[in-house]
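# Geometric and topological summary
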Amino acid sequence: MAAATSTLSIHLARLTRYIPFTSPKSLISPLLPRCRLSFRHGVRRSCAIWTVNCRRRFSVSASSQGGWFVVVAFRRTGSIDHVGTSEERYDVIVVGGGHAGCEAALASARLGAKTLLLTLNIDRIAWQPCNPAVGGPAKSQLVHEVDALGGEIGKVADRCYLQKRVLNTSRGPAVQALRAQTDKREYALKMKSIVENTENLSIREAMVTEIIVGKNDNVEGVRTYFGMDFYASSVILTTGTFMSGKIWVGRTSMAAGRAGEAASEGLTEYLQSLGFETDRLKTGTPARVDCRTVDFSRLEPQHGDEEVSWFSFDPDFHIEREQMCCYLTRTTKSTHNLIKENLHETPTYGGWVEAKGPRYCPSIEDKIVRFQDKESHQIFLEPEGRTVPELYVQGFSTGLPERLQLPLLRTLPGLEHCTILRPAYAVEYDYLPAHQCSRSLMTKKIEGLFFSGQINGTTGYEEAAAQGIVCGINAARHAHHQSPIVLERESSYIGTLIDDLVTKDLREPYRMLTSRSEYRLLLRSDNADSRLTPLGREIGLIDDRRWELYQNKQARISEEKHRLKTTKISGGDLAEEVAQLSSQPVKGCFSLESLLKKPHVQYDVFEKYGFGNSSLTRMEKECVEIDIKYEGFIMRQQIQLEQVAHQQHRKLPEDLDYQSMKNLSKEAREKLTKVKPQTIGQASRVGGVSPADITALLIILESKKREMRERKRDLFVKSMMVESDQQATSVPVAEAVNA
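Residues numbered from 1 in each chain as written. Predicted model: local features only at pLDDT ≥ 70, side-chain atom pairs only at ≥ 80, totals over all residues. Heavy atoms only, no water.

## Re the overall build of the protein
Which entries qualify depends on this criterion: A run of H or I in DSSP counts as a helix once it spans at least four residues, and a run of E counts as a strand once it spans at least two, with each numbered from the N terminus. Working definition: with a 1.4 Å probe on protein chains only, accessible area under 20% of the residue-type maximum means buried, over 50% means exposed, and in between means partly exposed. Whether two residues are in contact is decided by their heavy atoms, any of which lying within 4.5 Å being enough. In short, Shrake-Rupley with a 1.4 Å probe defines the accessible areas, and a residue's cover is counted only from the protein chains shown.
Tallying secondary structure elements over the protein gives 22 helices and 29 strands in all. Here the protein, with 739 residues, has 51% of them falling under the buried criterion. For the protein, restricting intrachain contacts to residue pairs at least 6 apart in sequence, the fraction spanning at least 24 positions comes to 70%. Surface accessibility of the protein: about 35,100 Å² in total, with carbon and sulfur atoms responsible for 50%.

Printed below as a string of structure tokens:
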């Protein structure tokens with residue numbers, strides 16, 4: 001026997017056309033004559049929201065079409081028999097089966113938490129709806145770091161690649177990046193199989209519409225569209241582009257998270273009723289063309305690397321496969337003219353979509369408008385699988401109507417006779433600015449509720465996976481009453497990503513870039529395991545086999561560096577080639593280490609003359625070479641980091657009243673109150689907070705610290721005086737008793 005909550009939903013579509021009213025109270029009160037209604041006014045975008053504060057929960061919100069969406073919920077005082085029902089309880093519930101959701105669910109389950117993954121479509125777990133590729137500048141560092149912690153994205157990409165290339169090879173190791181074109185369907189099936197066969201992890205299809213919140217503002221579970229309740233002390237939302245998603249092709253739109261898949265409705269409004277701020281973002285995907293209708297003789301081939309590189313540090317996943325070729329073409333004058341003539345037909349320039357799109361992955365119309373001095377733009381044609389004819393037209397996403405998309409594609413060399421298999425479209429969706437989360441990615445309003453992936457305003461599978469593994473770890477730790485794990489920005493690209501999200505007021509899709517990290521020379525792909533695998537081991541995601549592999553690798557690297565330092569040569573063929581490569585004379589006796597430090601000299605020169613170490617893998621040789629060649633730069637950046645780390649990591653009290661600090665600028669007071677930074681370093685990165693504000697904040701903190709010290713000293717002195725008085729009075733009393 002238990003009390004029940006009933007929910008009534010009424011959609012009064014465009015009712016204001018026929019029944020004018022100034023507020024929902026005048027409309028709803030006659031419907032519920034026995035309920036006392038009091039209204040609280042709020043804002044949802046440009047629409048109004050009222051929430052009833054009474055025993056019967058009630059809310060009314062304006063829809064974007066001008067109608068009213070009414071939700072009435074009330075608790076019945078009577079008892080109801082629940083026949084054949086039982087509570088489904090878990091430690092962690094993950095909502096959404098994309099790249100963030102998969103990493104979160106796997107991490108949680110592997111840490112021993114009973115985990116439930118709820119997704120709209122089990123057959124679309126880990127789907128790659130846009131470009132089926134993993135990695136790229138800064139993104140590959142994220143993938144390496146997820147793998148170093150014990151995640152899956154790197155392993156699955158290594159299993160399912162169609163082509164691999166290391167980018168920026170002419171530049172330094174800090175910005176070099178691995179990129180893999182993957183088989184879209186194979187990738188999804190592999191990840192789905194891993195998720196389905198992981199212990200402690202259950203999967204279920206459902207659309208979550210409500211978060212169940214306890215009396216102490218703590219999460220207790222979720223409620224689905226069909227009224228099922230699932231209970232857990234930790235809930236992770238990874239909704240991707242599905243939350244109130246809408247796709248656009250020209251002026252035509254439909255509710256969808258992506259093509260062919262329904263949007264998630266109701267969750268945005270419920271989160272707003274809990275006090276969360278929401279906004280809209282936009283992204284897009286290009287058309288897919290039939291490779292059988294493309295003239296490849298007119299395209300420039302882009303072959304994969306002969307020596308394949310790997311995302312995962314686990315050699316069990318280093319299995320080479322036959323690579324497929326990608327191709328390069330360019331836009332033409334006809335392309336640009338057709339776009340300029342039809343800009344008014346696109347959602348953004350036509351004015352019916354105001355959501356911000358990604359700055360660093362713009363649509364083709366954005367490129368033409370923003371870079372008018374460029375005569376052409378590169379367009380890549382990339383396969384989506386080994387057994388399908390679809391080609392992904394990278395760099396050619398558009399919001400133009402479908403009737404214009406084929407003529408536009410046919411202006412590209414090699415695509416004059418192509419046919420479209422899937423049209424391009426834009427998608428707009430709700431997200432929650434991530435300043436509402438702490439650095440553990442738990443929300444500040446609701447304890448135990450975590451946000452991960454595009455719901456935080458990011459774009460990209462890699463950014464989603466990075467947030468997902470952190471959320472999964474911390475959700476499991478929260479369920480087990482353990483303290484959260486926080487990655488500092490100087491420790492990893494993941495730490496930089498999360499710090500940027502929760503600190504800066506971002507209003508466009510966030511993409512990870514190497515330029516976002518101040519410590520990128522220390523945060524390279526090759527050393528991600530040495531930075532994060534010990535932490536993964538401590539947390540519990542790195543098993544004994546993987547830990548032994550890591551320790552053996554580090555031992556071999558250390559031994560090789562010592563060998564190169566102690567092995568000396570004088571003259572000979574090696575010295576001559578080093579002198580020729582570096583344009584520097586090599587005279588006298590030199591260690592192999594000093595030779596490797598010379599410009600343009602690489603480890604393979606040692607192997608050529610018998611001074612290499614055949615027992616090392618290529619990855620290990622790269623680590624040795626980078627550590628030696630860039631030793632001076634690395635040491636300098638480490639010294640700089642140590643100098644600022646102490647001050648940057650200084651904790652800020654949670655109860656600081658920034659509004660009372662008149663020495664801070666007005667903007668700084670507002671921003672710091674909104675973000676509530678946890679450290680001085682985080683406060684210094686809040687937009688609108690100047691170095692002068694940070695100096696003033698430090699002075700205020702020192703003043704408060706001094707006042708606290710003086711107060712403690714005064715209390716100590718008073719307590720000593722009281723104690724001495726008590727002792728003085730107790731002596732005569734004792735003497736009298738003895739007498």
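## Some thoughts on the packing of helix α3 (residues 139-149) against helix α11 (residues 461-479)
Heads up, the condition is: Axes here refer to lines fitted to C-alpha atoms; in helices the fit is confined to the stretch in contact. Angles between the N-to-C directions go from 0 to 180 degrees. Roughly parallel refers to an angle under 35 degrees, roughly antiparallel to one over 145, roughly perpendicular to one between 65 and 115, and oblique to any angle outside these ranges. Left-handed is the label given to a crossing in which the near helix is rotated counterclockwise from the far helix by less than a right angle, and right-handed is the label when the rotation is clockwise.
Contact geometry of α3 with α11 gives a least axis separation of 9 Å together with a crossing angle of 30 degrees. For the element pair α3 / α11, the angle class is roughly parallel. Crossing hand, α3 versus α11: left-handed. Contacts between α3 and α11 involve K139, L142, V143, V146 and L149 from the first element and E462, E463, A465, A466 and I469 from the second.

## Looking at helix α5 (residues 184-196)
Inclusion rule: Multiplying one less than the number of residues by 1.5 Å gives the expected span of a helix.
For α5, which comprises 13 residues, the first-to-last C-alpha distance of 18 Å matches the rise-based estimate of 18 Å (1.5 Å per residue) to within 8%. Taken together, the buried positions of α5 are K184, E186, Y187, A188, M191, K192, I194 and V195.

## Considering the sheet that holds strand β16 (residues 234-237)
Formally: Between any two strands, pairing holds if DSSP finds at least two bridges.
Strand order across the open sheet formed by five strands is β12-β8-β7-β16-β27, with parallel pairing between neighbours. Bordering the open sheet on either side are β12 (201-205) and β27 (449-451), each of which pairs with just one other strand. Each neighbouring strand pair of the sheet contributes to a mean axis angle of 20 degrees, computed without reference to strand direction. Relative to β12, strand β8 (residues 115-119) is paired through five bridges, and the arrangement is parallel. Its bridge partner being in β12, L117 is matched across the sheet by I203. Contacts from helix α2 (residues 99-110) reach β7 (92-95), β8, β12 and β16, with the element oriented near 165 degrees to β8.

## Section: the packing of α2 against α5
Running from N to C, α2 and α5 point in directions that differ by 25 degrees, and their axes come no closer than 10 Å. As the angle between them shows, α2 and α5 are arranged roughly parallel. Note on packing geometry: the crossing formed by α2 with α5 is left-handed. For the pair α2 and α5, the contacting residues are H99, C102, E103, L106 and R110 in the first and Y187, M191, I194 and V195 in the second.

## Thoughts on the pairing of β8
Operational definition: Whether a crossover is right-handed comes down to one check: with the strands pointing away from the viewer, does the path from the first strand over the helix to the second run clockwise; if it does, it is right-handed.
With five of its five residues buried, β8 lies for the most part within the structure. Burial along β8 is two-sided: the residues T115, L117 and T119 and L116 and L118 are all buried. Pairing of β7 with β8, which is carried by four bridges, proceeds in the parallel orientation. Residue pairing for β8: I93 is matched across the bridge by L116. For the crossover from β7 across α2 to β8, the handedness is right-handed.

## Considerations on the sheet that holds strand β23 (residues 378-383)
If you walk across this open sheet you meet the six strands as β21-β22-β23-β24-β20-β25, and the pairing is antiparallel. Two strands close off the open sheet at either side, each with one partner strand: β21 (300-302) and β25 (420-422). Within this sheet the neighbouring strands show an average axis-to-axis angle of 35 degrees, counted without direction. Direction of pairing for strand β22 (residues 326-330) relative to β23: antiparallel, over a ladder of four bridges. What sits directly across from Y327, in β23, is L381.

## Regarding the pattern of salt bridges
Should the charged atoms of two oppositely charged side chains come close, the side chains can pair. Spelled out, the test is: Any Lys or Arg side-chain nitrogen found within 4 Å of a carboxyl oxygen on Asp or Glu counts as a salt bridge.
Applying the stated rule across the entire model yields 52 salt bridges. The shortest N-O distance in the salt bridge between R280 and D430 comes to 3.0 Å. With R280 in strand β19 (residues 279-285) and D430 in strand β26 (residues 425-431), this pair connects stretches of sequence that are 150 residues apart. Exposure remark for R280: the relative accessible area of 13% places this residue in the buried category. The class of D430 is buried, set by a relative accessible area of 0%. If you follow the salt bridges from partner to partner, you end up with R489, D499, D500, K504, E518 and R685 in one network.

## Some words on the confidence of the model for the protein
Put simply, the rule is: One confidence number per residue, pLDDT, is output by the predictor and ranges from 0 to 100.
Of all residues in the protein, 87% have pLDDT values of 70 or greater, and the mean over the chain is 87. Across residues 1-27 the pLDDT falls below 50, and counting only partners more than four positions away or on other chains, this stretch makes 56 contacts in the model. For the stretch residues 29-84, pLDDT sits under 50, and the model shows 131 contacts to residues farther than four places along the chain or on other chains.

## Considerations on the environment of I694
The topology assignment puts I694 in helix α22 (residues 691-738). Remark: the alpha-carbon pair of I694 and S684, spanning 10 residues in sequence, is separated by 6.3 Å.

## Focus: α11
Taking 1.5 Å of rise per residue, 19 residues should cover 27 Å, and α11 covers 26 Å from first to last C-alpha, within 8% of that figure. Of all 19 residues making up α11, 19 are buried, and the element is well covered by its neighbours. A positive backbone phi angle near 60 degrees is found at H481, which sits one or two residues after α11.

## Focus: the nonpolar core
A general feature of soluble globular proteins is that nonpolar side chains tend to end up buried together. Using the following cut-off: Residues grouped as a nonpolar core are buried Ala, Val, Leu, Ile, Met, Phe, Trp, Tyr and Cys residues, joined through side-chain atoms within 4.5 Å.
Ranked by size, the top nonpolar core spans 96 residues in total, and within it I93, Y187, V222, L237 and I494 carry the most contacts. With nine residues, α11 is the single largest residue contributor to this core. Those residues in contact with I93, other than ones at most four positions away along the chain, are L116, L118, V222, F230, Y231, A232, S234, V235 and I236. Of all hydrophobic cores here, the second largest spans 24 residues; its members include V289, V294, C325 and L412.

## Looking at the side chain of T224
As for its placement among the helices and strands, T224 is situated in strand β14 (residues 219-224). On the basis of relative accessible area, T224 is assigned to the buried category, the value being 7%. Contact partners of T224, with chain neighbours within four places excluded, come to A206, M207, V208, T209 and F230.

## Re the environment of V601
Considering the arrangement of structural elements, one finds V601 in the loop between α16 (592-596) and α17 (603-608). Along the backbone, V601 and A579 are 22 residues apart, and their C-alpha atoms lie at a distance of 9.3 Å. Dropping the residues within four chain positions of it, V601 is found in contact with V578, L581, S582, L595, L596, E625 and K629.

## As for unusual backbone geometry
Look at N200: it is not a glycine, yet its phi comes out positive at around 75 degrees. The residue N200 is located in the loop between α5 and β12 in this model.

## Remarks on the side chain of S517
The condition that has to hold: For this analysis, a polar contact is any N or O atom pair within 3.5 Å, provided that within protein one partner can donate a hydrogen and the other can accept it, and provided that sequence-adjacent residues contribute only side-chain to side-chain pairs.
Inspection of the secondary structure assignment puts S517 in the loop between α12 (493-503) and α13 (528-539). Judged by relative accessible area, S517 falls into the buried class, the value being 1%. Within the structure, the side chain of S517 is placed 3.2 Å from the backbone nitrogen of Y519, a separation counted as a polar contact. Ignoring anything within four residues of it in the chain, the contact list for S517 reads Y493, T496 and L523.

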